[in-house]
Amino acid sequence: MSRTADRYQQLTATPPGRFLQSKLGLPESTPLRRYEPGQPLLEGPALVGAAPKGRLGRTLDAIVKRAKVDAHKQAPEGDGRFAALVFDATGITSSEGLRELYEFFHPTIRRVASCGRIVVLGTPPEHAGSIGEQVAQRALEGFTRSAGKELSKGATANLVYVESGAEDRLESTLRFLLSAKSAYVDGQVARIGAAGTSGTPADWERPLAGSVAAVTGAARGIGAAIARTLARDGAHVVCIDIQAAGESLADVANEIGGSALALDVTAAEAPEAFSSYLADRHGGAQVIVHNAGITRDKTLGRMKPELWDAVLGVNLSSQERITARLLDDGVLGDNGRIVTVSSIGGIAGNRGQTNYGASKAGVIGLVDAYAPVLAERGATINAVAPGFIETQMTAAMPIMVREAGRRMNSLSQGGLPIDVAETIAWFANPGSGGVNGNVVRVCGQSLIGA
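Criteria and thresholds
- Residues numbered from 1 in each chain as written.
- Predicted model: local features only at pLDDT ≥ 70, side-chain atom pairs only at ≥ 80, totals over all residues.
- Heavy atoms only, no water.
- Salt bridge = Lys/Arg side-chain N within 4 Å of Asp/Glu carboxyl O.
- Helix = DSSP H or I, 4+ residues; strand = E, 2+ residues; numbered from the N terminus.
- Buried < 20%, exposed > 50% of the residue type's maximum accessible area, 1.4 Å probe, protein only.
- Expected span 1.5 Å × (residues − 1).
- Pairing = 2+ DSSP bridges.
- Right-handed = clockwise from strand over helix to strand, strands pointing away.
- Axes fitted to C-alpha atoms, helices over the stretch in contact; angles between N-to-C directions.

(A) How the structure looks around the pattern of salt bridges. Throughout the structure, instances matching the rule amount to 15 salt bridges. Where Arg55 meets Glu167, a salt bridge forms, and the shortest distance between an N and an O atom there is 2.7 Å. Of this pair, Arg55 sits in the loop between strand E1 (46-50) and helix H3 (57-66) while Glu167 sits in the loop between strand E5 (156-162) and helix H6 (171-178), placing them 112 residues apart in sequence. Of the charged contacts, one joins Arg406 and Glu390 as a salt bridge, the two residues approaching to 2.7 Å between their closest N and O atoms. Taken together, the positions of Arg406 in helix H14 (residues 399-407) and Glu390 in the loop between strand E12 (380-386) and helix H13 (392-395) put the pair 16 residues apart, joining distant regions of the chain. Overall, the relative accessible area of 3% leaves Arg406 in the buried class. Through salt bridges with shared partners, one network takes in Arg66, Glu171 and Arg175.

(B) Seen up close, helix H15 (residues 417-428). If you check H15, its first and last C-alpha atoms are 17 Å apart, about what twelve residues at 1.5 Å a residue would give, namely 16 Å. Of all the twelve residues making up H15, eleven are buried; the element is thus mostly covered by neighbouring parts of the structure. Taken residue by residue, H15 has Pro417, Asp419, Val420, Ala421, Glu422, Thr423, Ile424, Ala425, Trp426, Phe427 and Ala428 as its buried positions.

(C) Quick look at the pairing of strand E3 (residues 82-88). Among the seven residues of E3, seven are classified as buried, and the element is accordingly described as predominantly covered. The pairing of E1 with E3 spans five bridges and is classified as parallel. By the bridge assignment, Ala50 is partnered in E3 with Asp88. Handedness of the crossover is the feature at issue here: the chain leaves E3, passes through helix H4 (residues 99-105), returns alongside strand E4 (residues 112-122), and the resulting connection is right-handed.

(D) Broad picture of the sheet that holds strand E7 (residues 212-216). Taking strand neighbours across the sheet as the criterion, the seven strands line up as E9-E8-E7-E10-E11-E12-E13 in an open arrangement whose pairing is parallel. In this open sheet, the two edge strands, each paired with only one partner strand, are strand E9 (259-262) and strand E13 (439-442). If you compare each strand with its neighbour and ignore which way they point, the axes differ by 20° on average. Judged from the five bridges that link them, strand E11 (residues 332-341) and E12 form a sheet pairing that is parallel. Within the sheet, the bridge partner assigned to Thr340 lies in E12 and is Ala383.

The structure is reproduced here in structure tokens:
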């Protein structure tokens, strides 16, 4: 859906609208910079800092050099803006050491450019070498989320925990969080581990070249955006949806040069049909995206059993059965990726959505359960949890509910299907082998949920 659906954002982009917004203290809603093929990683310089004895300095130097980022170790004099502030906090080993955050960000945070980025890098608290370090590293989460709420004009802040020994796996995640691909990812924590296998794309513009990706629910909305984005990144995409969506499904598949498979993922024969199609037609797949999902809202006391069963069947049970069959049949390739679509509703819950909330929380459970299993195979599983995304479904909401959903986040706007798709593409990247068992919200740092 076009961003023009946000009338409030259009109004506040005009001089009279900006005047009213300022005088009335209304939320600021800056149009976000989103990725276009060929654009630079950052449109401006980055300031890179570190606490003493941080262990990511050489890694950061190498990444920004390869990415052709104009990186500075000291802030130039004047009031010039920074496209990004990156801080290696892995050297902070005590609560007193957290002063390093203040020393770096206090003089610079107000110089973050429109749609700029803050990225803090730390050590997973559970891997800290002392109690003091564990305390200090856990503190980074509160700092980063709070800093994100102080930013304006579409800027974001995120935290990346990098396990010792996983330093060489940072590049895919750092590129994503610095780029316009992460426009609606704000206040999130990503974890990079040392287990499993990881590769480096030959071409960061087409990291999935030569791979096969399968996307369920691909006929429209978020699923179609996922299919287009993975195809843009070089994958041959198998677009999957129900028979009733056949015309739209064929349109998407033809548009991106992919394949179409009409399949009801809840059918008893679906796991076998899914697995056989990928094995027989494509010799397997490297990326599986479980996106198919439905809502059937009703308060629990008024919910008929068929509404419960339908939502749990599509949103959760189908994923369980198909994933198990693909792994049993060896259809997921080496260094493979499974990405599932959860929801902020599975984290915070919503009135009238006990079935939906249960299914989407169960998807997170699926990630938790399979992450160590897939790590042993050199593969990964992760989930996105979208917040308010501009789709046909949200467009049909009552206007006050829709406006509340748009404004109740740090960016004061709804996201777009491409925002979910870009996050999935990051998980699918062969360079993201250390990113396993993550659940990342795509919600503009919603005020609802954790």
